Amino acid sequence: MTQLKERLKSPVVWLAVIAQVCVIAAMFAPDLSDGIKTAGTCIVEILTLFGILNNPSDSENF
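Residues numbered from 1 in each chain as written. Predicted model: local features only at pLDDT ≥ 70, side-chain atom pairs only at ≥ 80, totals over all residues. Heavy atoms only, no water.

J.: Would you mind going over helix 2 (residues 11–27) with me for this structure?
T.: Side chains that are three or four residues apart share a direction in an α-helix, a result of its 3.6 residues per turn. For helix 2, built from 17 residues, the straight-helix expectation of 24 Å at 1.5 Å per residue is met to within 8% by its first-to-last C-alpha distance of 24 Å. If you follow the buried residues of helix 2, they end up packed against helix 1 (2–8) and helix 3 (34–53). (Helix = DSSP H or I, 4+ residues; strand = E, 2+ residues; numbered from the N terminus. Expected span 1.5 Å × (residues − 1). Contact = heavy atoms within 4.5 Å.)

J.: Just checking my understanding: could you explain helix 3 for this structure?
T.: The terminal C-alpha atoms of helix 3 lie 28 Å apart, and with 20 residues this matches the ideal 28 Å at 1.5 Å per residue to within 8%. Those residues of helix 3 not exposed but buried are Lys37, Val44, Thr48 and Gly51. End-on, the buried residues of helix 3 take up no more than an arc of 50 degrees, which puts them together on one face. Facing away from the buried surface of helix 3 by more than 90 degrees, the exposed residues are Ile43, Ile46 and Leu53. (Buried < 20%, exposed > 50% of the residue type's maximum accessible area, 1.4 Å probe, protein only. Arc of directions from axis to C-beta.)

Distances and angles like these do not, on their own, reveal function.
Right, here's the structure in full:
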């Protein structure tokens, strides 16, 4: 449980969560063009991958 708490303190983890929420919101926004949705989704997925690979419990290593 303490490892989970350490991960939730990481700003990178919260960036990944916010990124996923933005993707979900963009998918339901009919006024956005498909090009913007595609580019935004790609950027958000890269940020999410960064959040998944990050190890917030070890500040010395990625």
